[in-house]
Structure formats: structure tokens, C-alpha cells
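Chain by chain, the residues run as shown.
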Amino acid sequence: MPQPKVPFWATFLLIVLSLIPGLILAVLSMFAIKFFIQHFLHTPDMLLALTIMQTVLGMLWWGWTEIPLFFREAIHKMLQRRRKGEDD
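Residues numbered from 1 in each chain as written. Predicted model: local features only at pLDDT ≥ 70, side-chain atom pairs only at ≥ 80, totals over all residues. Heavy atoms only, no water.

### Here we look at the overall build of the protein
Our working definition: Secondary structure counts use DSSP, requiring at least four H or I residues in a row for a helix and at least two E residues in a row for a strand, with both numbered from the N terminus. Note on exposure labels: buried denotes an accessible area under 20% of the residue type's maximum, exposed denotes more than 50%, and partly exposed covers the range between, all computed with a 1.4 Å probe on protein chains only. Contacts are assigned to residue pairs with any non-hydrogen atoms lying within 4.5 Å of each other. Calculation of accessible area relied on Shrake-Rupley with a 1.4 Å probe; when residues are assessed, cover is drawn exclusively from the protein chains displayed.
Secondary structure summary: the protein contains two helices and zero strands in total. Dimensions of the protein, computed from the C-alpha atoms along their principal axes, are close to 70 × 20 × 20 Å. By residue count, 14% of the 88 residues in the protein fall in the buried class. For the protein, contacts bridging at least 24 residues in sequence account for 68% of all contacts bridging at least 6. As displayed, the protein offers around 7,300 Å² of accessible surface, 74% of which is attributable to carbon and sulfur atoms.

Here it is in C-alpha cells:
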């Protein structure tokens, strides 16, 4: 059985929703790395706080990599419900 055709708006929405958080996380990561290097060179006693901040940023990156699959599944389920409604 062939897969249902995905409308253009759904594909566009999926791309936008996966790119915007990634761009925000990339910018935040660059600032965090810059902040980490500057503060580590001047005050090494802040290492624990900076490590915690980097860990939180790492968890956000991991969450972002999981998001696109969720949106694909949600769009697929939405299209299946719509198709069932048209067949009735």
C-alpha cells in the first residue's frame, strides 16, 4: 500500500519547526562556549556552574534531535484521521 501524499504545507511546517529550534540552539551554544572560555580563563572556580550550563544545553540539543520524528508521526496521524473522515 503506498504511503499517503503529504501536503506541501505539512512538509514546509516540518522543515521550519525543525530548523528554528536548531538555529536558536546553535546560537546559544556559540555564546555558551564563548562565555565558558572567557570565564574559565579568568575564574576557574566557576567550572561547576559552567559545566551544569553546558549539560543543560546538551540535553536541549538531544531533545531537538528527537523533535522531527514526533512531528512526522503527528502529521501522519492527522492525515490518517482526515482520510478516514473522507471515506465515511
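After that view of the structure, there is still more to cover.
### Points about the packing of aromatic side chains
Remark: the centre distance and the inter-plane angle together describe each pair of aromatic rings, the angle taken between the planes. Quick note on the threshold: For this analysis, a ring pair means two rings from Phe, Tyr or Trp (six-membered ring only for Trp) whose centres lie within 6.5 Å, classed as stacked if their planes differ by under 30 degrees, edge-to-face if by over 60, and tilted for the remaining angles.
Under the counting rule described, the total for this entry stands at one aromatic pair. Their ring planes at 20° and their centres at 6.3 Å tell us that Phe8 and Phe12 sit as a pair that is stacked. Of this pair, Phe8 and Phe12 both sit in helix H1 (residues 8–42), separated by four residues, roughly a single helical turn.

### Remarks on the side chain of Ser29
Turning to its location among the elements, Ser29 is positioned in helix H1. Using a relative accessible area of 13% as the deciding quantity, one classes Ser29 as buried. Discounting residues that sit within four places of it in the chain, Ser29 has contacts with Leu57 and Trp61.

### Some words on the environment of Thr51
Inspection of the secondary structure assignment puts Thr51 in helix H2 (residues 47–87). A sequence separation of 45 residues divides Thr51 from Val6, and the C-alpha atoms of the two residues are 42 Å apart.

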